[in-house]
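Here's the letter readout for the chains.
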Amino acid sequence: MPLTPEQIIEITTIINQEIEQLKSNIAHLEEATKPIALDNSIGRLSRMDAIGGKGVNDSLLENNRMRMIALEKALLRIETPFYGTCKNCRGQIAYNRLKAIPEATHCSNCNI
Ligand SMILES: [Zn+2]
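Residues numbered from 1 in each chain as written. Predicted model: local features only at pLDDT ≥ 70, side-chain atom pairs only at ≥ 80, totals over all residues. Heavy atoms only, no water.

Draft legend 1. Examining the environment of Leu29 more closely. Its place among the elements puts Leu29 in helix 1 (residues 5-32). When its relative accessible area of 12% is taken as the criterion, Leu29 is described as buried. Along the sequence, Leu29 and Gln17 sit 12 residues apart, while their C-alpha atoms lie 18 Å from each other. Apart from residues no more than four positions distant in its own chain, Leu29 is found in contact with Asn57, Leu60, Leu61 and Asn64. (Helix = DSSP H or I, 4+ residues; strand = E, 2+ residues; numbered from the N terminus. Buried < 20%, exposed > 50% of the residue type's maximum accessible area, 1.4 Å probe, protein only. Contact = heavy atoms within 4.5 Å.)

Quick look at the structure:
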């Protein structure tokens, strides 16, 4: 059964909220992943810790950016009849799955 207009509105709202959240995460992570100054006075060991933490933040930043792109694509797709249709089996993706993962392009059976 295809999504009802009400369900599409609800998912659109969820996507917009998640994009806002991601924007704020990305802004914080960009601040946290600024290059570490060479002349800082925190000492060598703390500096190694700072570099380790930067690596974690870099990958978080990357994940947040990827998710944001996926959600923006979902926002464009939701206007088309293809949204909510599994790319593999062409079946309808369950509404609860779309609410949890609005950018899903596969149903839970086909998602490997
Ligand atoms: Zn499928």
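Draft legend 2. Structural view of the coordination of the zinc ion. Bound to the zinc ion are the protein donor atoms Cys86 (SG), Cys89 (SG), Cys107 (SG) and Cys110 (SG), situated 2.3 to 2.4 Å from the metal. Geometry at the zinc ion is tetrahedral, judged from the four donor atoms that bind it and their angles of 103 to 116° at the metal. Counting gaps between the donor residues of the zinc ion yields the pattern C-x2-C-x17-C-x2-C. Here Cys86 is found in the loop between helix 2 (44-77) and helix 3 (95-100), whereas its partner Cys110 is found in the segment after helix 3, with 24 residues between them in sequence. Cys110 shares its class with Cys86; the two are buried. (Donors = N, O, S within 2.8 Å, 3.2 Å for Na, K, Ca; no water. Tetrahedral: all angles 85-135°; square planar, octahedral: opposite > 155°, others 65-115°.)

Draft legend 3. View of the environment of Asn111. Considering the arrangement of structural elements, one finds Asn111 in the segment after helix 3. With 62 residues separating them along the chain, Asn111 and Asp49 place their C-alpha atoms 37 Å apart. When sequence neighbours within four positions are dropped, the list of residues in contact with Asn111 reads Arg97 and His106.

Draft legend 4. The environment of Ile69, seen in detail. On the secondary structure map, Ile69 appears in helix 2. Ile69 gets classed as partly exposed once you look at its relative accessible area, which sits at 45%.

Draft legend 5. Region of interest: helix 1. Between its first and last C-alpha atoms helix 1 spans 41 Å; for 28 residues at 1.5 Å apiece the expected length is 40 Å, and the two agree. Turning to helix 1, its buried residues are Gln7, Ile11, Ile14, Ile15, Glu18, Ile19, Leu22, Ile26 and Leu29. (Expected span 1.5 Å × (residues − 1).)

Draft legend 6. Fine view of the nonpolar core. Within the largest apolar cluster, 20 residues are counted, with the highest numbers of intra-cluster contacts made by Leu3, Ile11, Ile15, Tyr83 and Leu98. At the level of elements, helix 1, helix 2 and helix 3 are the ones that each hand at least two residues to this core. Other than its neighbours up to four places away in sequence, Tyr83 contacts Leu3, Ile11, Ala74, Arg77, Ile78, Leu98 and Pro102. (Core = buried A, V, L, I, M, F, W, Y, C linked by side-chain atoms within 4.5 Å.)

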